[in-house]
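Reading the structure
Chain by chain, the residues run as shown.
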Amino acid sequence: MGKRYGGKFSPDPASTEVTAPEAPTVEASFRGRAPARYGARINILFILPLLVMATVFFQPVTEMITDIAGGAVLLLAAWLLRDGVRAEDAYNERKVARRPAIPRKIFSSVLTGLGVGLLIFGGQWTVLNAGLVGVLAAALHAFAFGIDPLRDKGLEGVDHFQTDRVARKIEEAEAMLSAMSDAILRAGDRQLETRVESFQATAREMFRTVEEDPRDLTQARKYLTVYLKGARDATVKFADLYARDRDPAVRTDYVALLDDLETNFAARTKRLLVTDRSDLDVEIEVLRDRLNRDNLHIET
């Protein structure tokens, strides 16, 4: 049975003609995104323990328990590695950031060595040989994926209190953006997901501007707290309501809200950049005046 396809190039909804739909194109927002690192390798680390689990039931009980424990430890190591890589990517993306609270990649290397050691020991190897192979596996894991950032990252010439305050505010703002992403998935509308991603990219442009000059935090505080919290709460309520009723009027109002938020965030970011340029011009003029008073004229 034919099904009407609605889209930009679809016939008028009032028409009764039903035509075969063309393949829809999904417009995804890739602004501000970066390719996932180690994606294939991490997926392999999830698959290998599952292959081990499939063979453990054909062994004696002792070896079976040891291999199951080794496979479970390797799964935990892969999970920690994936989260550690994501945390490191977020750290590298920001100009001001605190080191990850939990060194997940280091823990993942240690657990990988422990898991491999258990599997080797379950294969009737001695404890010494299993330990040596486990240490080698942990070292190779750390070499392949690296370790976590071990110190905070800030800007030179800015005191630790300011950088820590900015890092804390940006982390809170990122948490609210993540909550928006989780909520909009419940609406089951790919176009809305893309629209939210576009707003998030605009908000992150403000984050990077504030990180470059922590003095801008005072002007941007309301956007990073009040407005983002309101956007998160509105997204949660909209997703729950729209998932039940699919009311087009509610959808239109929500899209209009995102449009207003994105416009205001972009305008504020632009004003922050203008203010930074004005501050630089003032500093240059002050320096020129001082040099001229000391009879050190600068040719412009």
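Residues numbered from 1 in each chain as written. Predicted model: local features only at pLDDT ≥ 70, side-chain atom pairs only at ≥ 80, totals over all residues. Heavy atoms only, no water.

1. Some words on the overall build of the protein
A count of helical and extended segments in the protein gives 8 helices and 0 strands. Secondary structure of the protein in N-to-C order comes out as α-α-α-α-α-α-α-α. Here the protein holds 300 residues, and the buried ones make up 31% of them. For the protein, long-range pairs separated by at least 24 residues make up 75% of all intrachain contacts whose partners lie at least 6 apart in sequence. Accessible area for the protein stands at about 18,700 Å²; split by element, carbon and sulfur atoms hold 61% of it. (Helix = DSSP H or I, 4+ residues; strand = E, 2+ residues; numbered from the N terminus. Buried < 20%, exposed > 50% of the residue type's maximum accessible area, 1.4 Å probe, protein only. Contact = heavy atoms within 4.5 Å. Areas by Shrake-Rupley, 256 points an atom, 1.4 Å probe, with all protein chains shown as cover.)

2. Observations concerning the packing of aromatic side chains
Counted by the stated rule, this structure contains 5 aromatic pairs. When the centroid spacing of 5.1 Å and the interplanar angle of 20 degrees are considered together, the rings of Phe-238 and Tyr-242 count as stacked. In this pair, Phe-238 and Tyr-242 both sit in helix α7 (residues 217–245), 4 residues apart, roughly one turn of the helix. Of the residues examined, Phe-238 reaches a relative accessible area of 5% and is grouped as buried. Ring geometry for Phe-238 against Tyr-254: centres 4.3 Å apart, planes inclined by 5 degrees, an arrangement best described as stacked. Separated by 16 residues along the polypeptide, Phe-238 in helix α7 and Tyr-254 in helix α8 (residues 248–293) bring together distant segments of the chain. Across this residue pair, the class does not change: Phe-238 and Tyr-254 are buried. Each member of the aromatic cluster is reached from another via a ring pair, and the members are Phe-199, Tyr-223, Tyr-227 and Phe-265. (Phe/Tyr/Trp six-rings, centres within 6.5 Å; stacked < 30°, edge-to-face > 60°.)

3. Focus on the environment of Pro-149
Looking at where Pro-149 falls in the secondary structure, it is placed in the loop between α4 (127–145) and α5 (160–185). The class of Pro-149 is buried, set by a relative accessible area of 14%. Through-space distance from the C-alpha of Pro-149 to that of Tyr-91 is 8.0 Å; in sequence the pair is 58 residues apart. In contact with Pro-149, not counting residues within four places along its chain, are Glu-88, Tyr-91, Arg-99 and Pro-100.

4. A word on the packing of helix α1 (residues 39–53) against helix α2 (residues 61–93)
Following both chains from N to C, one finds α1 and α2 inclined at 170 degrees, their axes separated by 9 Å at the closest point. Taken together, the axes of α1 and α2 lie roughly antiparallel to each other. Judged by the sense of rotation from one axis to the other, the crossing of α1 with α2 is left-handed. Facing α1, whose interface residues are Ile-42, Leu-45, Phe-46, Pro-49, Leu-50, Val-52 and Met-53, α2 presents Asp-67, Ile-68, Gly-71, Ala-72, Leu-74, Leu-75, Ala-78, Trp-79, Leu-81, Arg-82 and Val-85. Its residues assigned to classes, the contact of α1 with α2 shows 15 nonpolar, 1 polar and 2 charged. (Axes fitted to C-alpha atoms, helices over the stretch in contact; angles between N-to-C directions. Parallel < 35°, antiparallel > 145°, perpendicular 65-115°, else oblique. Left-handed = near helix turned anticlockwise from the far one by under 90°. Nonpolar A, V, L, I, M, F, W, Y, C, P; charged D, E, K, R; others polar.)

5. A short note on the packing of α2 against helix α3 (residues 104–122)
Packing of α2 against α3 leaves a shortest axis separation of 8 Å and a crossing angle of 160 degrees. As the angle between them shows, α2 and α3 are arranged roughly antiparallel. Considering only the axes of α2 and α3, their crossing is left-handed. Classifying every residue of the contact of α2 with α3 by side-chain character gives 17 nonpolar, 8 polar and 6 charged.

6. What to know about helix α6 (residues 190–212)
Given a rise of 1.5 Å per residue, 23 residues ought to cover 33 Å, and the 33 Å separating the end C-alpha atoms of α6 matches this to within 8%. Regarding α6, its N-cap is Asp-189, as a side-chain oxygen of that residue lies 3.0 Å from the backbone nitrogen of Gln-191 further along. (Expected span 1.5 Å × (residues − 1). Polar contact = N/O pair within 3.5 Å; in protein donor to acceptor, adjacent residues only side chain to side chain.)

7. Points about the confidence of the model for the protein
Model confidence for the protein is summarised by a mean pLDDT of 79, while 76% of its residues fall at 70 or above. Low pLDDT, under 50, characterises residues 1–5; the predicted model gives this stretch 12 contacts beyond four residues in sequence or across chains. For the stretch residues 7–28, pLDDT sits under 50, and the model shows 16 contacts to residues farther than four places along the chain or on other chains. (pLDDT = per-residue confidence, 0-100.)

8. Some points on the pattern of salt bridges
Per the stated rule, a full pass over the model turns up 11 salt bridges. Here Asp-189 makes a salt bridge to Arg-251, at a shortest N to O gap of 2.9 Å. Placement of Asp-189 in the loop between α5 and α6 and of Arg-251 in helix α8 is noted, with a sequence separation of 62 residues between them. Close ionic contact of Asp-259 with Arg-195 constitutes a salt bridge, the shortest N to O distance being 2.6 Å. Placement of Asp-259 in helix α8 and of Arg-195 in helix α6 is noted, with a sequence separation of 64 residues between them. In this structure Arg-195 comes out as buried when scored by relative accessible area, which is 17%. Connected through salt bridges with shared partners, the residues Arg-190, Glu-193 and Glu-197 form a single ionic network. (Salt bridge = Lys/Arg side-chain N within 4 Å of Asp/Glu carboxyl O.)

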